[in-house]
Amino acid sequence: TGLRPGEKLTEELFHELEAQESYVATGHEKIFRARHRSLDARVTGQLFARLQEAVRDFDEPAIDDALRRLLPEYGAEAADGGDDAIVSLTQRRGNVH
């Protein structure tokens, strides 16, 4: 029957641009185990606190900075300008009811 439109044979479960994330082989040739990047809980908590404050204050540059620090792949995907392109808060605020 073949693949239907939008159907995939594989699923990427980690971000290939992140140098600290990698994968290792398992006993099955098509199954791999991800090695995630390490996170410092204290630093991560501080970044989330900054992000929360920036969102509360509608501070777009601070939001962008916090997201880039929390998610290194955020900048790479946003730069593509695809479906995940960033919409400014001022544009969104005008549409909130």
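Placed above this text is the structure.
Residues numbered from 1 in each chain as written. Predicted model: local features only at pLDDT ≥ 70, side-chain atom pairs only at ≥ 80, totals over all residues. Heavy atoms only, no water.

## Points about the pattern of salt bridges
Working definition: two side chains of opposite charge can pair if their charged atoms are close together. Tallied over the entire structure, the rule returns 4 salt bridges. Asp 57 is paired through a salt bridge with Arg 56; the nearest N and O atoms lie 3.5 Å apart. One salt bridge connects Asp 65 with Arg 69, and the closest N-O pair in it is separated by 2.9 Å. Within this pair, Asp 65 and its partner Arg 69 are both found in helix H2 (residues 60–70), separated by 4 residues, close to a single helical turn. Exposure remark for Asp 65: the relative accessible area of 34% places this residue in the partly exposed category. (Salt bridge = Lys/Arg side-chain N within 4 Å of Asp/Glu carboxyl O. Helix = DSSP H or I, 4+ residues; strand = E, 2+ residues; numbered from the N terminus. Buried < 20%, exposed > 50% of the residue type's maximum accessible area, 1.4 Å probe, protein only.)

## Considering H2
Every α-helix winds through 3.6 residues per turn, so residues three or four apart in the chain are directed the same way. Listed in full, the buried residues belonging to H2 are Ile 63, Ala 66 and Leu 70. Buried residues of H2, seen end-on, are gathered within an arc of 70° and therefore sit on one face of the element. Residues of H2 that are exposed and point over 90 degrees away from its buried face: Pro 61 and Arg 69. (Arc of directions from axis to C-beta.)

## Quick look at the nonpolar core
If you look at the biggest cluster of nonpolar residues, it comprises 6 residues: Leu 47, Leu 51, Ala 54, Ile 63, Ala 66 and Leu 70. Where this core is concerned, the elements lending two or more residues are helix H1 (41–56) and H2. (Core = buried A, V, L, I, M, F, W, Y, C linked by side-chain atoms within 4.5 Å.)

## Describing the environment of Ala 62
Summarising the element assignment, Ala 62 is placed in helix H2. Overall, Ala 62 belongs to the partly exposed group, its relative accessible area being 27%. As for Ala 62 and Leu 51, which are separated by 11 residues in sequence, their C-alpha atoms are 7.2 Å apart.

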